[in-house]
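Observations on the three-dimensional arrangement
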Amino acid sequence: MYNQSPPLATIRNWDVPLTAKERKYICTTLINTIKNYYVHLPIKEKGFAIDPVQELRLLEGASYDEDNNMSFLRKLQRIFLKLNDRHTTLVMPKPWSDLVAFIPVVIERYYENNMPVYIVTKKLFGYENKEMQYGLRMTHWHGTEIDEYIEVLSETSQGANRSAASKLTLSSLTIRSLAYSFPPEEDWVVLS
C-alpha cells in the first residue's frame, strides 16, 4: 500500500478550498470552544506563556489569499501544537487527512551507558534494501545528528513535557500521518 502513495514533492502545493467566511467560522468556533470548554486553558496559558484565544482572534481577522489556505491551516495547527496537549488535536482536512509521509523503516531508541542509540527495528512490508538491515545504527538524519534532529522536531510535538515530546517525535519520525502534523520539510533524506 505504501508504494502507492504519491511522492511528497508532488503533493507539496496541494491546497484545501476554504472561503473567507469558512475560515472566520472555524476561528470563531474554536475561540468559543477553547475559551468556554477547555478546562486546562489557564494552566496552559501560564505554563507555556501562550494565549491561544488571542492568536485565534488575530488569525480570524487576518486576510489570506483565497488560492492558498495552507498558510491559514498551518497557523491554526501551530496554535494547537503550542498547547502541548494530545486532547486538542487539530485534524487536517482531506486530502491531507488521508496521507502518510514515510520512510519504509522504523527507527527506535535504547540507551547504552546513558547515551541514546538509534537502530532500525522494522521494515515496511515488501521493502527490500540489503544495506538497511535490522539492528543497523543510525547516527545522522540528513546530515544532522539524529538526537539533535529529534530534539528540534519535538518542539512541534504535542507532548506535555520534554520526555513525552521526544517519545512522540521518535514514534512518528519515519511514519507520519499528515492528518495530525506538518508535512516534512524534506522531500527525501539521507540516513547515516
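Presented here is an overview of the structure given in this document. Residue positions are counted from 1 within each chain, in the order its sequence is given. Note on the predicted model: pLDDT of at least 70 is required for a residue's local features to be given, and 80 or more for side-chain atom pairs to be given and counted; whole-chain, interface and lining totals, by contrast, use all residues. As a rule here, side-chain values come from all non-hydrogen atoms in the structure, and water together with hydrogens is ignored.

1. Comments concerning the pattern of salt bridges
- Salt bridges are counted wherever a side-chain nitrogen of Lys or Arg sits within 4 Å of a carboxyl oxygen of Asp or Glu. Applying the stated criterion across every chain yields a total of 6 salt bridges.
- Among the salt bridges present, the one from Lys82 reaches Glu55, with a minimum N-O distance of 2.8 Å. Of this pair, Lys82 sits in the loop between helix H5 (70–81) and strand S1 (100–102) while Glu55 is found in helix H4 (residues 52–61), placing the two residues 27 residues apart along the sequence. Going along the chain from the N terminus, every DSSP run of H or I of four or more residues is numbered as a helix, and every run of E of two or more is numbered as a strand.

2. A look at helix H2 (residues 20–37)
- In a helix, the anticipated span is given by 1.5 Å times the number of residues less one. The end-to-end C-alpha distance of H2 is 25 Å, a good match for the 26 Å that 18 residues give at a rise of 1.5 Å each.
- The classification of residues rests on relative accessible area computed with a 1.4 Å probe and restricted to protein chains. Under 20% of the type maximum is buried, over 50% is exposed, and intermediate values are partly exposed. Among the residues of H2, Arg23, Cys27, Leu30, Ile31 and Ile34 are the ones counted as buried. Viewed end-on, H2 has its buried residues packed into an arc of 105°, placing them on one side of the element. Every exposed residue of H2 that faces more than 90 degrees away from the buried side is listed here: Lys21, Tyr25 and Tyr37.
- For this analysis, residues touch if any pair of their heavy atoms sits within 4.5 Å. Next to the buried residues of H2 lie helix H3 (41–48), H4 and H5. As used here, the arc belongs to the directions running from the helix axis to the C-beta atoms.

3. Description of the packing of aromatic side chains
- Note on ring pairs: Phe, Tyr and Trp rings are taken, using the six-membered ring of Trp, and paired if centres are within 6.5 Å. Classes follow the plane angle, with under 30 degrees stacked, over 60 edge-to-face and the rest tilted. According to the stated counting rule, one finds 2 aromatic pairs in the structure shown.
- Geometrically, the ring pair formed by Trp141 and Tyr149 is stacked, given 5.2 Å between the ring centres and 20° between the ring planes. Each of the two residues, Trp141 as well as Tyr149, counts as buried.
- The residue whose ring lies beneath Lys123 is Tyr134, and the NZ or CZ to ring-centre distance is 5.4 Å. For a lysine, the NZ atom is tested; for an arginine, the CZ atom; a charge sits over a ring if that atom is within 6 Å of the ring centre and within 35 degrees of the ring normal.

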